[in-house]
Amino acid sequence: MTEAVPLLIADGVSRSYGRHIGCCDVSLTLWEGEVLAVVGESGSGKSTLLNCLSGRLSPDAGRISYRRRGEAAPTDIARLRPVEIRDLSRSEWGFIHQDPREGLRMAISGGGNIGERLMAVGNRNYAEIRSAAETWMGRVDLALDRIDDRPTGYSGGMRQRLQIARNLVSAPRLVFMDEPTGGLDVSVQARLVDLIRRLVDDLSLSVILVTHDLAVARHLSERIMVMRSGEVLEAGLTDRVLDDPQAPYTQLLVESILL
Amino acid sequence: MSAAPGYNFAYLDEQTKRMIRRALLKAVAIPGYQVPFASREMPMPYGWGTGGIQITAAIIGPDDTLKVIDQGADDTTNAVSIRAFFARVAGVATTEQTSEASVIQTRHRIPEVPLTEDQILVFQVPIPEPLRFLEPRETETREMHALRDYGLMHVRLYEDIAHFGEIATSYAYPALVGGRYLFDPSPIPKFDNPKLHQSPALQLFGAGREQRIYAIPPYTDVVSLDFEDHPFRIQSWTQPCALCGAEDSYLDEVITDDRGGRMFVCSDTDYCVSRRAGLRNGEAAE
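Residues numbered from 1 in each chain as written. Chains lettered and ligands numbered in written order. Predicted model: local features only at pLDDT ≥ 70, side-chain atom pairs only at ≥ 80, totals over all residues.

(A) Just the overall build of chain A, in detail. Of the regular secondary structure elements, chain A holds ten helices and ten strands. In terms of C-alpha radius of gyration, chain A reaches 18 Å, essentially the compact-globule figure of 18 Å for 259 residues. C-alpha atoms of chain A, sized along the principal axes, occupy 55 × 45 × 40 Å. Across chain A, contacts joining residues at least 24 apart in sequence account for 65% of those joining residues at least 6 apart. (Helix = DSSP H or I, 4+ residues; strand = E, 2+ residues; numbered from the N terminus. Rg over C-alpha atoms; globule rule 2.2 N^0.38 Å. Contact = placed C-beta atoms within 7 Å.)

(B) The interface of chain B and chain A, seen in detail. Contact residues are listed per partner, giving 15 residues for chain B and 17 residues for chain A. A per-class count over the side of chain B that touches chain A returns seven nonpolar, four polar and four charged. (Nonpolar A, V, L, I, M, F, W, Y, C, P; charged D, E, K, R; others polar.)

(C) Region of the structure containing helix α4 (residues 138-146) of chain B. Residue and element names in this part refer to chain B. For α4, every residue scored as buried is listed here: Thr-141, Met-144 and His-145. Buried residues in α4, looked at end-on, bunch into an arc of 100°, giving them a common side. Those residues of α4 that are exposed and angled more than 90 degrees off the buried face are Thr-139 and Ala-146. In the core, the buried residues of α4 are packed alongside β7 (181-183). In the segment just after α4, Arg-148 is the residue with positive phi, at about 55°. (Buried ≥ 20, exposed ≤ 12 C-beta atoms within 10 Å, placed from the backbone. Arc of directions from axis to C-beta.)

(D) How the structure looks around the sheet that holds strand β10 (residues 231-237) of chain A. Residues and elements named next belong to chain A. Pairing in this open sheet of six strands is mixed, and the strands run β6-β7-β8-β3-β9-β10 from one edge to the other. Two strands lie at the open edges of the sheet, namely β6 (93-96) and β10, each paired on one side alone. Strand-to-strand twist in this sheet, taken as the mean axis angle between neighbours without regard to direction, amounts to 15°. (Pairing = 2+ DSSP bridges. Axes fitted to C-alpha atoms, helices over the stretch in contact; angles between N-to-C directions.)

(E) Layout of the nonpolar core. Formed by 131 residues in total, the largest nonpolar core has its most connected members in Val-38 and Leu-209 of chain A together with Leu-24 of chain B. At six residues, helix α5 (residues 151-164) of chain B tops the list of elements feeding residues into this core. Dropping the residues within four chain positions of it, Leu-209 of chain A is found in contact with Val-35, Leu-36, Ala-37, Val-38, Met-177, Ala-217, Leu-220 and Ser-221 of chain A. (Core = buried A, V, L, I, M, F, W, Y, C linked by C-beta atoms within 7 Å.)

(F) Region of interest: the sheet that holds strand β2 (residues 20-30) of chain A. Residues and elements named next belong to chain A. Across the sheet, which stays open at both edges, the four strands sit in the order β2-β1-β4-β5 with antiparallel pairing between neighbours. The open sheet has two edge strands with one neighbour each: β2 and β5 (75-76). Alignment of strand β1 (residues 8-17) against β2, held across seven bridges, turns out to be antiparallel. Among the inter-strand pairings, Ala-10 is bridged to a residue of β2, identified as Leu-28.

(G) Expanded view of the confidence of the model for chain B. Of all residues in chain B, 98% have pLDDT values of 70 or greater, and the mean over the chain is 94. Under the prediction, the complex receives an ipTM of 0.87, its pTM being 0.88. (pLDDT = per-residue confidence, 0-100.)

(H) Structural view of unusual backbone geometry. Positive phi is not limited to glycine here, since Asp-25 of chain A has a value of about 55°. Tracing the backbone shows Asp-25 of chain A in strand β2. Even without being a glycine, Ala-10 of chain B presents a positive backbone phi close to 65°.

(I) Structural view of the pairing of strand β3 (residues 35-39) of chain A. Residue and element names in this part refer to chain A. In terms of burial, β3 is a largely internal element, five of the five residues being buried. Where burial is concerned, the two faces of β3 agree: the one with Val-35, Ala-37 and Val-39 and the one with Leu-36 and Val-38 are both buried. In terms of strand pairing, β3 meets strand β8 (residues 206-211) through five bridges, oriented parallel. Across the sheet, residue Ala-37 finds its bridge partner in β8, namely Leu-209. In this structure, β3 lies alongside strand β9 (residues 223-228), joined through four bridges in parallel fashion. Bridging from a neighbouring strand, Leu-36 pairs with Arg-223 of β9.

(J) Local environment of the pairing of β6 of chain A. Residues and elements named next belong to chain A. Burial of β6 is two-sided: the residues Trp-93 and Phe-95 facing one way and the residues Gly-94 and Ile-96 facing the other way are all buried. Here four bridges tie β6 to strand β7 (residues 174-178), and the two strands are oriented parallel to one another. For Ile-96, the partnering residue across the bridge sits in β7 and is Met-177.

(K) Inspection of the environment of Pro-43 of chain B at higher detail. All names here are of chain B. Within the fold, Pro-43 resides in the loop between β1 (35-36) and α2 (50-59). For Pro-43, a count of 10 C-beta atoms within 10 Å puts it in the exposed group. Linking Pro-43 and Asp-252, residues 209 residues apart in sequence, is a C-alpha distance of 30 Å.

(L) Structural context of the packing of helix α4 (residues 110-120) of chain A against helix α5 (residues 126-139) of chain A. All names here are of chain A. Running from N to C, α4 and α5 cross one another at 120°; their axes reach a closest spacing of 9 Å. Taken together, α4 and α5 sit at an angle that is classed as oblique. Between α4 and α5 lies a crossing of right-handed hand. Of the residues in α5, those touching α4 at Gly-110, Gly-111, Ile-114, Gly-115, Leu-118 and Met-119 are Ile-129, Arg-130, Ala-132, Ala-133, Trp-136 and Met-137. In terms of residue class, the contact of α4 with α5 is made up of eight nonpolar, three polar and one charged. (Parallel < 35°, antiparallel > 145°, perpendicular 65-115°, else oblique. Left-handed = near helix turned anticlockwise from the far one by under 90°.)

(M) Main features of the packing of α4 of chain A against α5 of chain B. Taken N-terminus to C-terminus, the directions of α4 of chain A and α5 of chain B make an angle of 140°; their axes are 9 Å apart at the nearest point. In terms of their interaxial angle, α4 of chain A and α5 of chain B are classed as oblique. Here α4 of chain A runs over α5 of chain B; the crossing is right-handed. Residue-level inspection shows Gly-111, Gly-112, Gly-115, Glu-116, Met-119 and Ala-120 of chain A of α4 of chain A in contact with α5 of chain B, the latter providing Gly-151, Leu-152, His-154, Val-155, Tyr-158, Glu-159 and Ala-162 of chain B. A class-by-class count of the residues in the contact of α4 of chain A with α5 of chain B yields six nonpolar, five polar and two charged.

Here's what the structure looks like:
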């Protein structure tokens, strides 16, 4: 099913913070409908990489190209104007933060949070926005009677599901997820992983998933990249890397986790 | 009447007035854009109209006639004080009649009598940024203005409809100027928003504490935001003004006793007074 041209190509992406290295010479290719997990310990450069890829941070070196909807060839995102990045990031892209408070507007009701992207791209019909909000509340298993409540009154798991709905309402092709299950208790995590997997399948989303949880990576991703100190140590099919790790660090990582 | 000695004409020094006029020219050139200016300390607290008073000081001349209104009334503390201030430091003529004024400084209302090309309306603005309570970061709101990225404003209107069944925002109702900049028309009731549209008079907005000036040049489009299925509507009342019988003016509810007695009267006192005078003359002529 893969098309001849990848959706996202990163080539030698580096970003440092003064003397501290964020990520160093990272290259990757993401195809349409594929889930790529980026794993590694805290400070390994996963989030820096994710922020570079999603246009939230500009890399010091390297090139990131994204193939926009309806276009045959990828475009260098460094050449896009700020307004184009903004349009991409709320139509074709989604970004799920670890802390839902960063991705949600806490002073706006659940329905308003979901509808924001639709209004941002110019929908001016209340009934349409409302019905899209209701549909998406249902799709992420949120009770419909909470639609006019603010997320301040939601539990952690509900907030995360609302954040997912808010991103998916614009039918994005590529979703960046930064530790989407972090900070939730185990049973809520399991339900959330199920939900994400269902939505990814239904909508054939491409996902770049940053996580330190190998179990989450194994459940959701087809391919995996292991990072440490800003560099990619090992990459390949998820099952292959986790069942038969080659790099010593990956072996350590796999051994240290109860799978 | 001449200005009190010891003050430069209209209180501010000439360099300050020049600076404000430059900001005003830029504001008129880019309708609805918030121009920063070096707001001065004025002999009154912030929130009492320091932005409006600085604009008035910068544009007023010895031949001008000044009218000041506060909530539509000429006889409230703020209006009386500012009128007295300019009478003292600029020696200008003052009036309570809308049609006789060349400069009108206002808080919370636009006069009911249609303005003309020979008049300038100066608004006192507490919060110039319409996106302030939706997006607290000023760096972000500036970028949103630069990119004409105003979907967020509709989120607020969405919230109104979701919670109250209609757009409940009744004052400081957001509008788009000249098809480009979203702006906050200061806390005027949305009843007055249609008067901003294609107004023959120059409209200037000054926010002293926030150090911003913006403007709507004469005959500029001003469109209030709404949804297709929830169009913009102004307030309406079930009864006319209890004093002058006007059915086309903005009415204040006045409590008359402690047993639930109330009446609705025009908020624009000049409009109400002149209508009553007209009625009396009409009766006398019969």
